[in-house]
Amino acid sequence: MPSGFDAEKIRADFPVLQQLVNGKPLVYLDNGATSQKPQAVIDEIVRYYTTENANVHRGVHTLSQNATEDYENARAKLRGLLNAADDHEIIYTSGTTQSINIVAQSYGRQNIGEGDEIIVSNMEHHSNIVPWQMLCEEKGAVLRVVPIDDAGELLMDEYERMLSPRTKLVSITHVSNALGTILPVEQVIELAHAQGVPVMLDGAQAVPHMAVDVRKLDCDFYVFSGHKLFGPTGTGVLYGKAELLDAMPPVQGGGEMIKSVTFEKTIYNDLPYKFEAGTPNIAGAVGLGAAVDYVQSIGYETFAAHEEELLEYGARALEQIGGVRIIGTSPRKAGILSFVMEDIHPHDIGTILDAEGIAVRTGHHCAQPVMQRFQIPATARASLAMYNTKEDIDALVRGIDRVIEVFS
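Definitions and limits used
Just so you know, the residues in each chain are numbered from 1, in the order the chain's sequence is written. Totals for whole chains, interfaces and linings use all residues, but because this is a predicted model, local features are given only for residues with pLDDT of at least 70 and pairs of side-chain atoms are given and counted only at 80 or more. As a rule here, side-chain values cover all heavy atoms of the structure and leave hydrogens and water aside. Salt bridge, as applied in this entry: a Lys or Arg side-chain nitrogen positioned within 4 Å of an Asp or Glu carboxyl oxygen. Strands are runs of DSSP state E lasting at least 2 residues, helices are runs of H or I lasting at least 4, and numbering of each runs from the N terminus. Residue burial is assigned from relative accessible area. The probe radius is 1.4 Å, only protein chains are included, and a residue is buried under 20% of its type maximum, exposed over 50%, and partly exposed in between. Here, a strand pair is defined by DSSP locating no fewer than two bridges between the strands. The handedness of a crossover follows from its direction of travel: if, with the strands pointing away from the viewer, the path from the first strand over the helix to the second runs clockwise, the crossover is right-handed. Axes here refer to lines fitted to C-alpha atoms; in helices the fit is confined to the stretch in contact. Angles between the N-to-C directions go from 0 to 180 degrees. When two rings of Phe, Tyr or Trp (its six-membered ring) have centres within 6.5 Å they constitute a pair, described as stacked for plane angles under 30 degrees, edge-to-face for angles over 60, and tilted for the intermediate range. Contacts are assigned to residue pairs that have any heavy atoms within 4.5 Å of one another. The criterion is simple. A nonpolar core is a set of buried Ala, Val, Leu, Ile, Met, Phe, Trp, Tyr and Cys residues joined through side-chain atoms within 4.5 Å. Multiplying one less than the number of residues by 1.5 Å gives the expected span of a helix. The directions from the helix axis to the C-beta atoms are what the arc is built from. For the purposes of these results, a polar contact is taken to be a pair of N or O atoms within 3.5 Å, where, inside protein, one atom must be able to donate a hydrogen and its partner to accept one; residues adjacent in sequence count only when each atom of the pair is a side-chain atom.

J.: Help me understand the pattern of salt bridges, please; the structure alone is not making it clear to me.
T.: Between side chains of opposite charge, pairing is possible as soon as their charged atoms come close. In this structure the tally under the stated criterion is 22 salt bridges. When the shortest N-O distance is used, the salt bridge between Asp392 and Arg11 registers 3.2 Å. Linking Asp392 in helix H14 (residues 390-407) with Arg11 in helix H1 (residues 7-11), this pair joins segments that are 381 residues apart in sequence. Grouping residues by exposure puts Asp392 and Arg11 together as buried. Linking Asp270 and Lys259 is a salt bridge whose minimum nitrogen-to-oxygen distance equals 3.1 Å. Of the two residues, Asp270 sits in the loop between strand S12 (266-268) and helix H10 (282-298) while Lys259 sits in strand S11 (residues 258-261), which places them 11 residues apart along the sequence. Residue Asp270 is classed as partly exposed on the basis of its relative accessible area of 43%. Residues joined in a network through salt bridges with shared partners are Glu44, Arg47, Glu52 and Asp70.

J.: Help me out: how do you make sense of the pairing of strand S6 (residues 142-146) in this one?
T.: One face of the sheet, then the other: side chains in a regular strand alternate in exactly this way. Relative to S6, strand S5 (residues 117-121) is paired through five bridges, and the arrangement is parallel. Residue pairing for S6: Ile118 is matched across the bridge by Leu143. Between the parallel pair S5 and S6, the chain is carried across by helix H5 (residues 130-139), and the sense of this crossover is right-handed.

J.: What is the right way to look at the sheet that holds strand S8 (residues 199-202) in this model?
T.: Two strands in a sheet stick together by hydrogen bonds in their backbones, pointing the same way (parallel) or opposite ways (antiparallel). Spatially, seven strands are ordered S4-S10-S9-S8-S7-S5-S6 in an open sheet, and the strand pairing comes out mixed. Every interior strand has two partners, whereas the edge strands, strand S4 (90-93) and S6, have only one. Each neighbouring strand pair of the sheet contributes to a mean axis angle of 20°, computed without reference to strand direction. Alignment of S8 against strand S9 (residues 221-225), held across three bridges, turns out to be parallel. Bridge assignment links Met200 to a residue of S9, and that residue is Phe221.

J.: Explanation requested: the pairing of strand S10 (residues 236-240) in the structure shown.
T.: Of all the five residues making up S10, five are buried; the element is thus mostly covered by neighbouring parts of the structure. By the alternation rule, side chains of S10 split into Gly236, Leu238 and Gly240 and Val237 and Tyr239, which are all buried. Bridge count between S4 and S10: four bridges; the pairing is antiparallel. In the strand pairing of S10, Ile91 is matched with Leu238. Inspection of the sheet shows S9 paired to S10 by five bridges, in the antiparallel sense. Pairing of Phe221 across the sheet is with Gly240, part of S10.

J.: I tried to follow the packing of aromatic side chains on my own but got confused; where do I start?
T.: Think of a pair of aromatic rings as described by two things: how far the centres are apart, and how the planes are tilted against each other in angle. Overall, the coordinates contain eight aromatic pairs when judged by the stated rule. Judged by centre distance (5.7 Å) and plane angle (85°), the rings of Phe14 and Tyr294 are edge-to-face. Of this pair, Phe14 sits in the loop between H1 and strand S1 (20-21) while Tyr294 sits in helix H10, and the two are 280 residues apart along the sequence. Across the pair, exposure class does not vary: Phe14 and Tyr294 are buried alike.

J.: Please explain the sheet that holds strand S14 (residues 336-341) as it appears in this structure.
T.: As summarised here, the arrangement of the four strands in space is S13-S14-S17-S16, forming an open sheet in which the pairing is antiparallel. Where the open sheet ends on each side, the last strands, each with one partner, are strand S13 (324-326) and strand S16 (361-363). Here the average twist between neighbouring strands, direction ignored, is 30°. Contacts from helix H12 (residues 346-355) reach S14, S16 and strand S17 (379-383) within the one sheet, and its direction differs from that of S16 by about 160°. Along the sheet face, H14 touches S13, S14 and S17 and points at about 15° away from the line of S14.

J.: How should the nonpolar core be read in this particular structure?
T.: Most often, soluble globular proteins keep nonpolar side chains buried together rather than apart. Counting residues in each nonpolar core, the largest one holds 81 residues, and the members touching the most others are Leu82, Tyr159, Val170 and Tyr222. The dominant element in this core, judged by the number of residues it contributes, is H10, at 11 residues. Contacts of Tyr222, omitting those with residues within four sequence positions, involve Leu82, His174, Leu201, Gly203, Ala206, Val207, Val212, Val214, Leu217, Val237, Leu238 and Tyr239. Formed by 28 residues, the second largest nonpolar core is a distinct cluster that contains Val27, Phe339, Ala380 and Ala395.

J.: Sorry if this is basic, but what is going on with helix H3 (residues 62-82) here?
T.: Since the α-helix turns once every 3.6 residues, residues separated by three or four places project in the same direction. Between its first and last C-alpha atoms H3 spans 31 Å; for 21 residues at 1.5 Å apiece the expected length is 30 Å, and the two agree. Among all positions of H3, only Ser64, Ala67, Thr68, Tyr71, Glu72, Ala74, Arg75, Leu78, Leu81 and Leu82 are buried. On an axial view of H3, the arc spanned by its buried residues comes to 160°, and they lie on one face. Looking one or two places after H3, you find Asn83, whose phi comes out positive at around 55°.

J.: Sorry, what's going on with H10 here?
T.: Here H10 spans 25 Å end to end across 17 residues, near enough to the 24 Å set by a 1.5 Å rise per residue. Most of H10 sits inside the fold, with 14 of its 17 residues counted as buried. N-cap assignment for H10: the residue whose side-chain oxygen lies 2.9 Å from the backbone N of Gly284 is Asn281. Positioned one or two residues after H10, Gly299 has a phi angle of 100°, which is positive.

And the structure:
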C-alpha cells in the first residue's frame, strides 16, 4: 500500500460502505457508474439546507449573501482542481452529458457546417456520440470514428490520417468508461492543434482517478460529472477557454443568463452566467465543493498509486480464473476491470455477485460501439475508487468462483 495511505481509514468516511447487503458486507465496485459520498459532503449539503437555503445572486438578505458566497467559492475550488485560468471558465452543469450538449448546441451549431467533420473514438460513451450525431444530421456534417485495437487502445496513425482541413472539432474521452484505457490525450491535442482544430475531453472517468491540468493539456473544453468525484448527483462542470466561451451563444434562455431584458432586445450576461439559466443546483454545487476539498485533502498522487496497485492486483487475480477474459488490456488504465465469462451472460454474473453483497455494473455501459468492436453483447464491470481494498478484490474472486459453481 502506498506510503501514507490508509484505505480502511478512508472507508470509515463513507457511511454507505458500513452496511450489509443481502446479509453480506457491502463490496462496492460500481464506482464507474457513481461513487459513494463521504460524510463531509453529506454534512455540507445538510448544513446548506439547514442554515442558509436561499437563492443565489442579487439577494440583499443575509441567507442569499451566504449562499452566493458558498456557491461561488465552490466554483473557485473547481477552477483550482482543473487549474483553469479564471473562475469564469467554469460553467456549472447537471453533469457530463449536459456539458457536452452545451458545446454541441452552442459551439457546434455556430462553427460546424455542411461537409465539416467531427472526430470521436470507437470507445466513447453514448453521451459523446449522440449529441454529435444530432448536430451532424442537422448541419450535414460527418462524424469520423477513430478505431481501437484489440487491447482497447486508440490507433493514433488512423487518427492522424483523419485530421484534415474539414475537421472542425475533436471530442474524445480521457479515460474509457467501458475499458479503463487512458488515452494519449496530450498527443491527441497536439496533433489537432497543429491543424487549428479545437479539442474537447470527456473527463468523467478521469477526474475521479487522476489530477487534471487543463492549461498544461491545453484542451479547449473539458467536461466531467460531480457524482463520480464523490459529490452529489445532478452536478457537473464545463470548462472552456474564455475566448471560446465568450464567442458562444447561450443555449437556454431565462433568469440569471441575462443583463437586461426588454421586449425589443435582451442583453446576455457575462461568463459564466450566460450558460447558467434559471435557479441552479445550489446545494449540489456546495456539496461538490466539499467533495473537491475531500479529494484534495487526501491527494491525487497518494490515492492514484493505491488504485493502480489495486488494478494490477485485480487484473492478475482475474487472469488466473479459468473462463474469464478481461476486455480492455491497455497497459495504461484507470480503475476499470471489465470482463466476460464463457457461456455466462454478464447479467447472470451480476445477479449472483449481488447475492454475495458485491455491486458491479453489467451491460453495455452506454458504450455499445465498444461491445460491437469486441463482438460481445455486454461485460461485467468492476470499477474502483480510493476506498476499495485488496479484500474487495478477493471477495470479487470468491464471487466469480460462486458464479462458476452455479453454472457448472
